[in-house]
Amino acid sequence: AFAQNNLITVGDQQFISYYRRHATDSSHPDNNTVVVARRSLGESVWEIFPTTFYSFNIDDTHNVVSMAIDGDGFLHMSWGMHGNSLLYAKSDASVTGTAPITMVSLGAAGMTGQENSVTYPKFQTLPDGDVVFLFRDGGSGYGDWFLHRYDTDTDSWAPIHANGSGVSQPFMFGRGDSPENCFYPDRMTLDPDGMLHFAGVFRYAAGSPAGESGYQTNHRYVYLRSPDGGASWQRSDGSTITLPVVEAAWFLNLGDDHVPEIVKDLPEGHSLMNQSGMTTDSAGRPIIANWWADEASPGDHTRQYHIFFHDGTNWHQRAVSARDIDNPSTKLSEPDLGTHYMGRPVVLTDADDRIIVVYNDNRFEGITVVFSLPPAQD
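Heads up: these notes are all about the structure in this document. It should be emphasised that the depicted structure is a prediction, and the values quoted were computed from it without experimental measurement.

Thoughts on the overall build of the protein chain
For the protein chain, the helix and strand inventory stands at one helix and 27 strands. Principal-axis analysis of the C-alpha atoms places the extent of the protein chain at approximately 60 × 50 × 50 Å. The buried share among the 378 residues of the protein chain stands at 51%. For the protein chain, restricting intrachain contacts to residue pairs at least 6 apart in sequence, the fraction spanning at least 24 positions comes to 53%.

Pasting the structure below:
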């Protein structure tokens, strides 16, 4: 759900990036390498363009592939990192059309040279053809988030937020106070008017106030948006969030003006997942999908898939699953059910603004698709 743009449609062409693995030869030199492919919409045959770009562990789901195609048709791609120096490549020519795709590995030197500890790379092409790159520096429960921008006019990258010496600065802090935390964004979303939307949760490191550990320290769903490609940030009512963004006013004593909009102040211990699905409707109103146990505080740890949606004024929450809370075996297993047994949901909208949520529930084979009815049908 949180892999950003590893499938892109530009005009009448579609592009995909993925890792490959040989089923019968674990020592094959092509194992764990990235492939880029292209097809014309409606065609079933893809043109395959192998690369030698390697990921040390494709089973580590942090090591997502992300890509973007800028306004000049050049493909930007990053992959295979979990707290590592940036792996970055750019095509040597426009990838739209029929010419073969050739990617050139550039590393951090091909961006700003300051991307030394990268996890969760996310590219997004902006309406003017420039590209933003979001990444985390740090680790689980103690991470800062940075934004860099590629300018198609100058063919160069620069930090969106920098100090007087040009050194990149985080737009969202999670380190430097106690307890440290880390923001975990859902899928970064660009709406039809060019607004960037972020939502997500915070996770503590070793200093959980509730004594929880791992993903059970996830808490507090928040939202923020940017009208200018990440340079400035605001809440859904248009009020300004002063940078850097922090979880709460106590963090670094920065004040409430640095705090994003709270969608739901979920406490720790609610089996709240991080990095799930997000989209907007045709009016640019945000929609979020995730799972957690809403009734964990009174002792019911049964998890349900939920959505938040904004009507232009207020947030609303709906459950979109009906996992069986009366099944004793399910109930007993829920508190110890790990994060990998329920898939992070994907959310999207169709041309009629129906909300569609796709997920895999550990109780069933395959996937489940849930969609909203038109408003007239409530």
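A few points about the sheet that holds strand E21 (residues 277-280)
Read from one edge to the other, the open sheet built from four strands follows the order E21-E22-E23-E24, with strand pairing classed as antiparallel. Strand pairing shows two members of the sheet lacking a second neighbour, E21 and strand E24 (315-319), which therefore form its edges. Between one strand and the next, the sheet's axes are offset by a mean angle of 20°, whatever the strand orientation. Note that E21 and strand E22 (residues 286-292) share four bridges and pair antiparallel. Bridge pairing in E22 places Thr-279 opposite Ile-287.

A word on the side chain of Arg-136
Structurally, Arg-136 can be placed in strand E11 (residues 131-139). Side-chain polar atoms of Arg-136 contact the side chain of Tyr-184, separated by 3.1 Å. Here Arg-136 is in contact with Ser-117, Val-118, Thr-119, Tyr-120, Gly-143, Asp-144, Trp-145, Cys-182 and Tyr-184, once residues within four sequence places are set aside.

Structural notes on the pattern of salt bridges
Think of it this way: side chains of opposite charge can pair up when their charged atoms draw near. Tallying each qualifying case throughout the model produces 12 salt bridges. Residues Arg-175 and Asp-137 are paired through a salt bridge, measuring 2.9 Å at the closest nitrogen-oxygen approach. With Arg-175 in the loop between strand E13 (156-159) and strand E14 (181-185) and Asp-137 in strand E11, this pair connects stretches of sequence that are 38 residues apart. A relative accessible area of 25% means that Arg-175 is categorised as partly exposed. When its relative accessible area of 16% is taken as the criterion, Asp-137 is described as buried.

Here's the deal with the sheet that holds strand E25 (residues 346-349)
The three strands are arranged E25-E26-E27 in an open sheet whose pairing can be described as antiparallel. Each edge of the open sheet carries a strand with a single partner, namely E25 and strand E27 (368-371). Neighbour-to-neighbour, the strand axes of this sheet turn through a mean angle of 20°, independent of strand direction. Alignment of strand E26 (residues 355-359) against E27, held across four bridges, turns out to be antiparallel. When the sheet's bridge partners are listed, Val-358 is paired in E27 with Val-369.

Describing the environment of Leu-126
You can see Leu-126 is positioned in the loop between strand E10 (118-125) and E11. Residue Leu-126 is classed as buried on the basis of its relative accessible area, which comes to 7%. Residues contacting Leu-126, with those up to four places away along its chain left out, are Val-132, Arg-149, Leu-190, Leu-196 and Gly-229.

As for the side chain of Gln-234
Topologically, Gln-234 is positioned in strand E18 (residues 233-234). With a relative accessible area of 14%, Gln-234 lands in the buried category. Within the structure, the side chain of Gln-234 is placed 2.7 Å from the side chain of Arg-225, a separation counted as a polar contact. With residues up to four places along the chain from it excluded, the contact list for Gln-234 reads Met-195, Leu-224, Arg-225, Pro-227, Ser-239, Thr-240 and Ile-241.

Topic: the pairing of strand E5 (residues 66-69)
By the alternation rule, side chains of E5 split into Ser-66 and Ala-68 and Met-67 and Ile-69, which are all buried. Both E5 and strand E6 (residues 75-78) contribute to a ladder of four bridges, which runs antiparallel. Bridge pairing in E6 places Ser-66 opposite Ser-78. Adjacent in sequence and paired antiparallel, E5 and E6 are bridged by five residues, among which Gly-73 carries a positive phi angle near 90°.

Structural notes on the nonpolar core
If you look at the biggest cluster of nonpolar residues, it comprises 34 residues, and the most contacted ones within it are Trp-145, Phe-171, Phe-183, Phe-198, Tyr-221 and Leu-224. Of all elements in the fold, only E11, strand E12 (142-151), E14, strand E16 (196-204), strand E17 (219-226) and E22 reach the threshold of two or more residues within this core. Per-element accounting of this core gives the leading share, five residues, to E16.

Description of unusual backbone geometry
The amide bond that connects Ser-178 to the next residue, Pro-179, takes the cis arrangement and shows omega of 0°. In the segment running from Leu-243 into Pro-244, the intervening peptide bond is cis, with an omega of 0°. With respect to the secondary-structure elements, Pro-244 resides in the loop between strand E19 (240-241) and strand E20 (261-264). The backbone of Asp-155 sits at a positive phi, close to 55°, despite the residue not being glycine.

Quick look at the environment of Asp-324
By the element assignment, Asp-324 lies in the loop between E24 and helix H1 (328-333). With 216 residues separating them in the primary sequence, Asp-324 and Ala-108 have C-alpha atoms 48 Å apart.

Topic: the packing of aromatic side chains
Centre-to-centre distance and the angle between the planes together describe a pair of aromatic rings. Tallying each qualifying case throughout the model produces 22 aromatic pairs. Taken together, a centroid distance of 4.7 Å and an interplanar angle of 20° make the contact between Phe-53 and Trp-79 stacked. Pair noted here: Phe-53 is in strand E4 (residues 47-54) and Trp-79 is in the loop between E6 and strand E7 (82-84), with a separation of 26 residues, a long-range link. In this structure, Phe-53 and Trp-79 share a single accessibility class: buried. Through a chain of ring-to-ring contacts, the aromatic side chains of Tyr-88, Phe-123, Phe-133, Phe-135, Phe-146, Tyr-150 and Trp-157 assemble into a single cluster. Here the basic side chain of Lys-90 rests over the ring of Phe-74, its NZ or CZ set 4.8 Å away from the ring centre. Its guanidinium or amino end placed over the ring of Tyr-184, Arg-203 lies 4.8 Å from that ring's centre, counting from NZ or CZ.

Calculation notes
Residues numbered from 1 in each chain as written. Predicted model: local features only at pLDDT ≥ 70, side-chain atom pairs only at ≥ 80, totals over all residues. Heavy atoms only, no water. Helix = DSSP H or I, 4+ residues; strand = E, 2+ residues; numbered from the N terminus. Buried < 20%, exposed > 50% of the residue type's maximum accessible area, 1.4 Å probe, protein only. Contact = heavy atoms within 4.5 Å. Pairing = 2+ DSSP bridges. Axes fitted to C-alpha atoms, helices over the stretch in contact; angles between N-to-C directions. Polar contact = N/O pair within 3.5 Å; in protein donor to acceptor, adjacent residues only side chain to side chain. Salt bridge = Lys/Arg side-chain N within 4 Å of Asp/Glu carboxyl O. Core = buried A, V, L, I, M, F, W, Y, C linked by side-chain atoms within 4.5 Å. Phe/Tyr/Trp six-rings, centres within 6.5 Å; stacked < 30°, edge-to-face > 60°. Lys NZ or Arg CZ within 6 Å of the ring centre and 35° of its normal.

Everything listed is a geometric property; what it means functionally is a separate question.
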